[in-house]
Amino acid sequence: MGRPTDTFPDHGRNIRQGSLAGLLRRAPVKMQPEASVRDALGLMKAERVGSVIITDPARGLPLGILTQQDVIDRVVLPGGGLDEPVAGVMTGGVVALPVSSSAHQARLAMARHDLRHLVLLDAMGGLAGVVSRNDLYAARSLNTDDLVEAIRRADSPDALASAAGRVREVAHGMVAQGDGAEQVCEWIAILNDLIVQAAIDLAEREVDLPLVRWCWLGFGSEGRLEQTLDTDQDNGLLFLPESKADTDALRARFLPFARRVNGLLDHCGFPLCKGGVMAGNPAWCLSLAEWRGQFASWMCSASPVDLLNATIFFDLRALCGDAALAAALQGWLLGAAGDNPLFLRFMAANSLQAGPPLGRIRDFVVDRESGLLDLKRDGSRLFVDVARIHALALGITDTSTAGRLRAAGEVFGWPAGEVDAGTEAFAFIQQMRLRRQVAGTQGTPNSLSPESLNELERAFLKESFRQARKLQQKLQLRYQL
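Reference entry: report on the structure contained in this document. Note that this is a predicted model, so its numbers are computed, not measured.

Rules used in this analysis
Residues numbered from 1 in each chain as written. Predicted model: local features only at pLDDT ≥ 70, side-chain atom pairs only at ≥ 80, totals over all residues. Heavy atoms only, no water. Core = buried A, V, L, I, M, F, W, Y, C linked by side-chain atoms within 4.5 Å. Buried < 20%, exposed > 50% of the residue type's maximum accessible area, 1.4 Å probe, protein only. Helix = DSSP H or I, 4+ residues; strand = E, 2+ residues; numbered from the N terminus. Contact = heavy atoms within 4.5 Å. 1 Å grid on protein atoms, 1.4 Å probe; cavity = no way out; pocket = protein on both sides within 12 Å on 5 of 7 lines; lining within 4 Å. Points joined across faces, edges and corners; volume = space filled by probe spheres on them. Nonpolar A, V, L, I, M, F, W, Y, C, P; charged D, E, K, R; others polar. Pairing = 2+ DSSP bridges. Axes fitted to C-alpha atoms, helices over the stretch in contact; angles between N-to-C directions. Polar contact = N/O pair within 3.5 Å; in protein donor to acceptor, adjacent residues only side chain to side chain.

Digging into the nonpolar core
Working step 1: By size, the foremost hydrophobic cluster in this structure holds 65 residues, and its most contacted members are Trp291, Phe295, Phe313, Phe314, Phe343 and Leu461.
Working step 2: The dominant element in this core, judged by the number of residues it contributes, is helix α14 (residues 376-394), at nine residues.
Working step 3: When near neighbours in sequence (up to four residues on either side) are disregarded, Phe295 contacts Phe313, Phe314, Leu316, Leu329, Trp332 and Leu333.
Working step 4: One finds Cys185, Leu202, Leu209 and Trp214 within the second-largest nonpolar core, a separate group that totals 53 residues.

Here you go:
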């Protein structure tokens, strides 16, 4: 078995937000492999598209893609004939994702494989349609091409570290010019995912991996696509042994690889996790059965430590390898958590122990010694915790906080204005965190003195904390706490 491919399967009954289905506005334009290049160009002109999908005449499965640029590069410039079959000119072995995949997964696949078109498959594996870069980046100003190329070209740890440094520089500039927090965090997530994948590529050249299915997982803010400019590593490794007896031997073979990846990421500016939540730690290099057992144990006992682990590990996402394994783990987790209301109630009670730092006399309640607010602990975390609990209860596969809140709002029938207010409040606090991290001022990267804010910023921050309180009150009512 070769290296696992980047595949993102359908999750069945689970609730999704932001899937690619909404970008498909027409049926796919397709033709059979024996058709001529001339016919393909004629079809493109008639349908006003820049590409056609070449499909298997027997089963209708996609075999390749032919674009107008392909015709120029492979037929016109070399002096070929337009009457030759498209099978000899097309790009075969198409990269495809299920139509249920997220826009982030699509952007990442396009960047990693240097694509301008991406084939989408329906639940049965048949052709659903095609999306382009323009579809995915409409109304966005995410110019990543040069950075993507720098990461893809990196053939040494130092070259990759240099590319990672450039990513941070550009991210700082985006924050400084006022780009929105959700946009900046997603941009960071795409580039950081590519850096992780490049580090894995480098490590694979040095370490002989076992021939079994495996997946590199991201947890915490990385799993939620909410990494800021100050972040350490939270990752793990998931593998699938052929038999339970093989588990320990496979772990022993994966650990040197995982530790090398952790070291490369540290070299790239992602510090080693102080709590040891890394794939190079044997505790987090586990088989699918072991990960399920670990999650089940946390949900069974629900001790303070278990609840803390849930806030980190339950926000999981596939970063590289066989994403079907991560999907299987997430699907199992959502089912198990949804069937365990007592555990969810424990999680809700734990999250409600901390509230927004709003004062009755003064606007904000600050730390007595420092006079500062912690925007992560007292701000963004409140939104994250509420959204996670709803996601577990409702089977929401979206891992982002804003996506989870939107999905929960649809299920519970929250007014659209309330949902927008909550997600905008979360984005404002995230924006302030990013600005503090760029400024590098006193205290921790997430600390803020209310006295440093102007009147409008104080009003916005106060209203954002009020929105956090409203979300907590909804959670309190749901679980009768």
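Topic: unusual backbone geometry
Working step 1: The phi dihedral of Ala302 falls on the positive side, at around 55°, and the residue is not glycine.
Working step 2: Position of Ala302 among the secondary structure elements: in the loop between α10 (288-301) and α11 (304-313).
Working step 3: Not every positive phi belongs to a glycine, and Gln480 is a case in point at roughly 50°.
Working step 4: By the secondary structure assignment, Gln480 is in the segment after α17 (455-478).

Section: empty space enclosed by the protein
Working step 1: Overall, the coordinates contain three cavities of 30 Å³ or more when judged by the stated rule.
Working step 2: Put simply, the largest cavity is a space of about 70 Å³.
Working step 3: Lining the largest cavity, in full, are Val196, Trp216, Glu222, Gln227, Asp232, Gln233, Asp234, Asn235, Leu265, Phe270 and Leu319.
Working step 4: Taken together, the residues that form the lining of the largest cavity break down as five nonpolar, three polar and three charged.
Working step 5: Considering the residues around the second largest cavity, the lining is formed by Leu307, Thr311, Met347, Asn350, Ser351, Asp385, Arg388 and Ile389.
Working step 6: Those elements giving two or more residues to the lining of the second largest cavity turn out to be α11, α13 (341-351) and α14.
Working step 7: Split into classes, the residues belonging to the lining of the second largest cavity amount to three nonpolar, three polar and two charged.

Overview of the sheet that holds strand β3 (residues 62-67)
Working step 1: The sheet built from four strands is open, its strands ordered β1-β2-β3-β4 with mixed pairing. Both edges of this open sheet fall to β1 (30-31) and β4 (91-92), since each of them pairs with a single strand only.
Working step 2: Across two bridges, the pairing between β1 and strand β2 (residues 51-55) is parallel. Each bridged residue has a counterpart across the sheet, and for Met31 the counterpart in β2 is Ile54.
Working step 3: Across the sheet, helix α2 (residues 68-76) lies against β3 and β4, angled at about 80° from β3, the strand it touches most.

A closer look at the environment of Asp363
Working step 1: Tracing the backbone shows Asp363 in the loop between α13 and β12 (373-374).
Working step 2: Overall, the relative accessible area of 26% leaves Asp363 in the partly exposed class.
Working step 3: For Asp363 and Ile396, which are 33 residues apart along the polypeptide, the C-alpha to C-alpha distance reads 35 Å.
Working step 4: Within the local environment of Asp363, its side chain forms a polar contact with the side chain of Arg458, the two groups lying 3.3 Å apart.
Working step 5: Among the polar contacts made by the side chain of Asp363, one reaches the side chain of Lys462 at a distance of 3.1 Å.

Quick word on the sheet that holds strand β7 (residues 127-132)
The pairing of strands in a sheet comes from backbone hydrogen bonds and takes either a parallel or an antiparallel form.
Working step 1: Spatial ordering of the open sheet is given by β5-β6-β7, a layout of three strands whose pairing is mixed. Strands with a single pairing partner mark the edges of an open sheet, and in this sheet they are β5 (96-98) and β7. Shown here is a sheet whose adjacent strand axes are inclined to one another by a mean of 35°, direction ignored.
Working step 2: Pairing analysis gives five bridges linking strand β6 (residues 117-121) to β7, with the strands arranged antiparallel. Note on β7: the bridge partner recorded for Leu118 is Val131.
Working step 3: Where helix α3 (residues 103-113) meets the sheet, its contacts fall on β5, β6 and β7, and the angle it forms with β6 comes to roughly 135°.

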